[in-house]
Amino acid sequence: MSIPPKNLCRISETLWNHELFSAPPDYSEPLHGLTAEHVDTHLRRLRRMPSTGDDTPEKALAGLQKLYERQRSLLLQAQAESLWLASAPKVVLWNQLRLLLEHLPANPTPSDVRLLDRLTPLLVKDQLIPRAFSPDARISELLEQLATAELILLDRLARTTLKLRRPYLKQLYRIMADALDYNTTADTIRIEPVLAWIKTILPQNSSAAYADVGCSVATGAKNTILAARVLRPEYCGPLHGIDIVSPSPALQSAMLREHRNLLYQANTLLHPLPRRYHIILLANVHRHLTRSDQQQLLTHLACSLTEGGHLFINWRFDQRRSPCLFLQRRNQRLELITEHNAI
Ligand SMILES: C[S@@+](CC[C@H](N)C(=O)[O-])C[C@H]1O[C@@H](n2cnc3c(N)ncnc32)[C@H](O)[C@@H]1O
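The structure contained in this document is the topic of the report that follows.

Here is what the cut-offs are and how they apply
- Residues numbered from 1 in each chain as written.
- Predicted model: local features only at pLDDT ≥ 70, side-chain atom pairs only at ≥ 80, totals over all residues.
- Heavy atoms only, no water.
- Salt bridge = Lys/Arg side-chain N within 4 Å of Asp/Glu carboxyl O.
- Helix = DSSP H or I, 4+ residues; strand = E, 2+ residues; numbered from the N terminus.
- Buried < 20%, exposed > 50% of the residue type's maximum accessible area, 1.4 Å probe, protein only.
- Near = heavy atom within 4 Å.
- Polar contact = N/O pair within 3.5 Å; in protein donor to acceptor, adjacent residues only side chain to side chain.
- Areas by Shrake-Rupley, 256 points an atom, 1.4 Å probe, with all protein chains shown as cover.
- Nonpolar A, V, L, I, M, F, W, Y, C, P; charged D, E, K, R; others polar.
- Contact = heavy atoms within 4.5 Å.
- Expected span 1.5 Å × (residues − 1).
- Pairing = 2+ DSSP bridges.
- Axes fitted to C-alpha atoms, helices over the stretch in contact; angles between N-to-C directions.

1. Description of the pattern of salt bridges
- Tallied over the full model, the rule gives 17 salt bridges.
- Among the salt bridges present, the one from Glu 29 reaches Arg 45, with a minimum N-O distance of 3.6 Å. Placement of the pair is Glu 29 in the loop between β1 (10-11) and α1 (35-47) and Arg 45 in helix α1, with a sequence separation of 16 residues.
- For Glu 29, a relative accessible area of 59% puts it in the exposed group.
- A salt bridge links Asp 40 to Arg 44, with the shortest nitrogen-to-oxygen separation between them at 3.0 Å. Of the two residues, Asp 40 and Arg 44 both sit in helix α1, four residues apart, roughly one turn of that helix. As far as the burial class goes, Asp 40 and Arg 44 line up, both buried.
- Here the residues in one salt-bridge network are Glu 69, Arg 72 and Glu 150, joined through shared partners.

Have a look at this one:
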C-alpha cells in the first residue's frame, strides 16, 4: 500500500472493510504459458486494467484464431522450404499432433491409439499436457487437451522460428492491445436513485462544482445530462464529466452547447483532478481496479475536493444492493459520514 505524503488527504482505514471494497480484482497469471496470455497480463498491468469491457475476450479470441491459423500455414510453408526445419523434433511433434487432431475420430482405431500412446510421453516431457491420459478419459477431453497442446507448441514454434518470430509477436501484441477496452457499461436508470439521494443530502448551493468521475464518455456521458436535470440550478453550477477515455471533440461541444456540461479526460490513478470540486460522484468505477489502485484513486479524489467537499461512491451489485457512501473532506481527512442503498 502506498502511503500518501503528509500534505495529501488521508482516508479513514475502516473504509476498506466496507463491502463496497470487498474482493478487489487482481491480475491473473498465465494459465498455459501462451505468449498471448503473457502479453495480456503485461498490457493489463501497464494500463491498470484487471477488469475489462465485456467484448474484450471475444475480440481477442477472434483476432488470435486468425493469427494462429496463419501461423499454421506459414509454418507448413517454411517447413516445406527447409529440410532442417522439417526434421526439427518439435516441428515433427507438432505435425503429428496436428494430423492426429485432424483425423482422430469419435471411435479411435487401434492405430490411432498406438500413435497417441507414442506421442503421450513426448507431450508430458515438453509440458504440453500435465500428465499421461487416463485410460478411461472421454474422447472429448482427450481432444481438448490435444488441441491445447498443439496450440502451445504452435505458439512456441512461431515465437522461436526466426522467419516467423518478429511479425508474429508484433501482430499478437496489436491484437491484444486493440481488444483491451475499459468496462464502459453505463446506465441512467441505476444512477437515478443515487442522484435522488444525493439531492437530499446536499446543501443548496447553486455555485457548487460537481464532477462525475468515470462518466462513460464512450457511451455519451448520459449520466451528466441526468445530473444536470436533477441538481441544477439549486444544488450545483459547473458540472463536469471526467473519464480516463478522451471524449471526442464532437461530443464535447454538443454537451457544452446543449447541456452546459464540460467533458474532459483525466487519469485519476496518476494525478488529482486539475481543479477542486464541491461534489464528486464515483459510480460503478472503483471495483474495476486493484486494491492499490483504488487507494490511489481515492487519495487523488480526496485531494480534488474542496475543504468540506462531498464524495459519493456507489456500486450497483444487483437490483437489491446498490450501496452509496457519502464521504466528506474534513481537515485533510476523508471521512465516511453515512450510506444509503440507492435502489
Ligand atoms: C462501468 S463505467 C461506469 C459508468 C457510469 N459512471 C455509470 O455508473 O453508469 C466505468 C467508467 O469509468 C471509466 N474509468 C475507468 N478507470 C478510470 C479512472 N482511473 N479514472 C476515470 N475514469 C475511469 C471507464 O472508462 C468507464 O467509462
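2. A few points about the site of the ligand
- Around the ligand, the surrounding shell holds 20 residues, and the nearest of these are Arg 190, Gly 214, Asp 243, Thr 268 and Asn 284.
- The contact in question runs from a nitrogen atom of the ligand to an N or O atom on the backbone of Gly 214, over 2.8 Å.
- A distance of 2.7 Å separates a nitrogen atom of the ligand from a polar side-chain atom of Thr 268.
- For the ligand, whose free accessible area comes to 600 Å², the fraction covered by protein is 97%.
- Partitioned by chemical class, the residues of the shell around the ligand number eight nonpolar, nine polar and three charged.

3. Regarding the side chain of Arg 190
- For Arg 190, the position within the fold is in helix α8 (residues 188-201).
- At a separation of 2.9 Å, a polar atom in the side chain of Arg 190 contacts the main-chain carbonyl oxygen of Thr 185.
- Among all residues touching Arg 190, those that are not within four sequence positions of it are Thr 185, Asn 284 and Arg 316.

4. Digging into helix α6 (residues 139-160)
- The first and last C-alpha atoms of α6 sit 31 Å apart over 22 residues, in line with the 32 Å expected at 1.5 Å per residue.
- Among the residues of α6, Leu 142, Leu 146, Ala 149, Glu 150, Ile 152, Leu 153, Leu 154, Asp 155, Leu 157 and Ala 158 are the ones counted as buried.
- Those residues of α6 that are buried lie in contact with α1, α2 (56-81), α4 (89-103), α5 (110-125) and α7 (162-179).

5. Looking at the pairing of strand β8 (residues 333-341)
- Both β1 and β8 contribute to a ladder of two bridges, which runs parallel. Bridge pairing links Arg 10 to Arg 333 in β8.
- Sheet topology places strand β7 (residues 323-330) next to β8; eight bridges connect them, and they run antiparallel. Within β8, the residue paired with Cys 324 across the bridge is His 340.
- Counting the residues between successive antiparallel strands, the hairpin from β7 to β8 contains two residues, one of them, Asn 331, with a positive phi of roughly 45°.

6. Some words on unusual backbone geometry
- The step from Arg 232 to Pro 233 runs through a cis peptide bond, and the omega angle for that step is 5°.
- Position of Pro 233 relative to the elements: it lies in the loop between α9 (222-231) and β3 (239-243).
- We note that Arg 260 has phi near 60°; this positive angle belongs to a residue other than glycine.
- Among the residues examined, Arg 260 registers a relative accessible area of 59% and is labelled exposed.

7. Notes on the sheet that holds β8
- Pairing in this open sheet of eight strands is mixed, and the strands run β1-β8-β7-β6-β5-β2-β3-β4 from one edge to the other. Looking along the sheet, the strands with just one partner apiece sit at the ends: β1 and β4 (261-265).
- Where strand β2 (residues 210-213) lies against strand β5 (residues 277-283), four bridges are found, and the strand directions are parallel. Following the sheet pairing, Val 213 is matched in β5 by Leu 282.
- Those strands touched by α8 are β2, β5, β6 (305-314), β7 and β8, and its axis lies near 150° from that of β6.

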